[in-house]
Amino acid sequence: MPFPLHRPRRLRRHELLRRMVRETSLSIDDFIYPLFVCPGERVRREIPSMPGCYQMSVDEIVRECHDVAELGIPAVILFGIPEKKDDVGSEAYAEQGIVQRAIRAIKKERLDLLVITDVCLCEYTSHGHCGIVVQGDVANDPTVELLAKEALSHAQAGADMVAPSDMMDGRVVAIRRALDENGFSHIPILSYAAKFCSSFYGPFREAAESAPQFGDRRSYQMDPPNAREALKEVALDLEEGADIVMVKPALAYLDIIRRVRDRFDVPVAAYNVSGEYAMVKAAARNGWLDERRVVLELLTSIKRAGADMILTYHAKDAARWLR
Ligand code: PBG
């Protein structure tokens, strides 16, 4: 007879006791903060659907990185909004590209901060697709070559890690090879391994000015109902040499995070994406939710699902709250 012998409430009576039996902890060490770099000087333009997030010019990004490092957040991930776009995304792998310049400027400051770069073409192509388009379709193998060039140019500019987000087949091994052949065998790859074709990317596409001009991303990003296929994508990226694998989005895909965590013994990252951020911000602004408590609860749920690190626009706020 369990009751009255067993009374689980005994361990909930005091905050110290609750701390002692807490199974999941959230820490500043878990966060990666996304930043959007744009052309110009002294530019700091708030993204309407992502209050508190900005498109920033290189000088402002450097200032921002000082704050991020000061808060103890270990890493940022950079997204670029180039001066001009074309159909092959030339600015993505240009030596003087916007992200390449930002990396050099940040690294010059010698901050206690890792610089990760998003490797994709969608912000740099005139049509907004994540690769080059041939006869109305995103052509896999030619795109992979350009992604390898892009990742290499990031490493040459000083990036600490590269993160391919395009979902082309075979890009991880192509990037690994390009890095290794050019003296960057020490640079890890964080692959967006299980990236779903999600409607939660809407605000990001406004922030990065990267919405596809025709069609959608369904022929390369994953179909949301598929979980076994996500495990296959992760397995392939690991075989190709990925060091860390990511599940994206996070909140609508906590089951995927858990399954990846259970199956593979490598670090798992989760991307708490723009739409997930926008929903919380909108509700909080209306006074409908307690922002601080909701954010910490959501981030904790991503950790509890099994993520080791979280890419999140809430990182700076959460870091302050966790201090
Ligand atoms: C680029 C990329 C996207 C995101 C990260 N990298 C957008 C997309 O695939 O359309 C989304 C991030 C977010 O919504 O916060 N391919």
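Everything below is about the structure shown above.
First, a word on scope: everything that follows refers to the structure included in this document.

Time to look at the pattern of salt bridges. Applying the stated criterion across every chain, the model contains 19 salt bridges. Between D166 and R171 there is a salt bridge, with the nearest N and O atoms lying 3.3 Å from each other. D243 is paired through a salt bridge with R176; the nearest N and O atoms lie 3.9 Å apart. Highlighted residues: D243 in the loop between α7 (228-239) and β10 (244-248) and R176 in helix α5 (residues 171-181), separated in sequence by 67 residues. Given the relative accessible area of 33%, D243 is considered partly exposed. Look at the salt bridges and you will find they share partners, linking R44, E60, R63, E64 and K316 into a network.

Contacts to the ligand come from 18 residues, most closely from K195, R205, K248, S274 and Y313. Within the contact set of the ligand, a nitrogen atom lies 3.3 Å away from a side-chain nitrogen or oxygen of S165. Between the ligand and R205 there is a distance of 2.6 Å, counted from an oxygen atom to a side-chain nitrogen or oxygen. For the shell around the ligand, the residue count by class is 10 nonpolar, three polar and five charged.

With that settled, consider α7. Helical geometry: 3.6 residues make up each α-helical turn, so side chains three or four residues apart lie on a common side. For α7, spanning 12 residues, the distance from its first C-alpha to its last is 17 Å, which sits close to the expected 16 Å at 1.5 Å a residue. Residues of α7 that are buried include every one of A230, L231, E233, V234 and D237, and no others. Along the long axis of α7, the arc covered by the buried residues comes to 160°, so they all point the same way. Looking at α7, the residues exposed on the side facing more than 90 degrees away from the buried face are R228, K232 and E239.

Here the amide bond leading from F3 into P4 is cis, since omega sits at 15°, within 30 degrees of zero. Its place among the elements puts P4 in the segment before α1 (15-21). Note that the residue after K248, namely P249, is joined by a cis bond; omega there is -10°. Within the element layout of this structure, P249 appears in the loop between β10 and α8 (254-263). Positive phi is not limited to glycine here, since R42 has a value of about 55°.

Taken together, the side chains of L11, M20 and V21 present a nonpolar region at the surface, about 320 Å² in accessible area. Judged by its relative accessible area of 46%, L11 is partly exposed.

This brings us to the pairing of β10. Judged by how many residues are buried, β10 sits mostly within the fold: five of five residues are covered. Pairing between strand β9 (residues 190-195) and β10: four bridges, direction parallel. Across the sheet, the residue bridging to S191 is V245, located in β10. Bridge analysis of β10 against strand β11 (residues 268-272) gives three bridges, and the strand direction is parallel. Bridging from a neighbouring strand, V245 pairs with V268 of β11. Handedness of the crossover joining β10 and β11 through α8 is recorded here as right-handed.

One pass over the structure, following the stated rule, counts zero disulfides. Lacking any disulfide linkage, C130 is separated from the closest cysteine sulfur, that of C120, by 3.6 Å.

What follows is about the packing of aromatic side chains. For the structure on display, the rule yields eight aromatic pairs. Where F196 meets Y253, the ring centres are 4.4 Å apart and the plane angle is 20°; that geometry is what we call stacked. Placement of F196 in the loop between β9 and α6 (202-207) and of Y253 in the loop between β10 and α8 is noted, with a sequence separation of 57 residues between them. According to the relative accessible area criterion, F196 is buried, its value standing at 0%. Taken together, a centroid distance of 6.1 Å and an interplanar angle of 45° make the contact between Y271 and Y313 tilted. With a gap of 42 residues between them, Y271 in strand β11 and Y313 in the loop between β12 (309-312) and α11 (315-322) connect regions that are remote in the sequence. One exposure class covers both Y271 and Y313, and it is buried.

The rules behind these values
Residues numbered from 1 in each chain as written. Predicted model: local features only at pLDDT ≥ 70, side-chain atom pairs only at ≥ 80, totals over all residues. Heavy atoms only, no water. Salt bridge = Lys/Arg side-chain N within 4 Å of Asp/Glu carboxyl O. Helix = DSSP H or I, 4+ residues; strand = E, 2+ residues; numbered from the N terminus. Buried < 20%, exposed > 50% of the residue type's maximum accessible area, 1.4 Å probe, protein only. Near = heavy atom within 4 Å. Polar contact = N/O pair within 3.5 Å; in protein donor to acceptor, adjacent residues only side chain to side chain. Nonpolar A, V, L, I, M, F, W, Y, C, P; charged D, E, K, R; others polar. Expected span 1.5 Å × (residues − 1). Arc of directions from axis to C-beta. Patch = residues over 30% accessible without salt bridge, like charges linked within 9 Å, V, L, I, M, F, W, Y side chains within 5 Å. Areas by Shrake-Rupley, 256 points an atom, 1.4 Å probe, with all protein chains shown as cover. Pairing = 2+ DSSP bridges. Right-handed = clockwise from strand over helix to strand, strands pointing away. Disulfide = S-S within 2.5 Å. Phe/Tyr/Trp six-rings, centres within 6.5 Å; stacked < 30°, edge-to-face > 60°.

The values are spatial; any link to function lies outside them.
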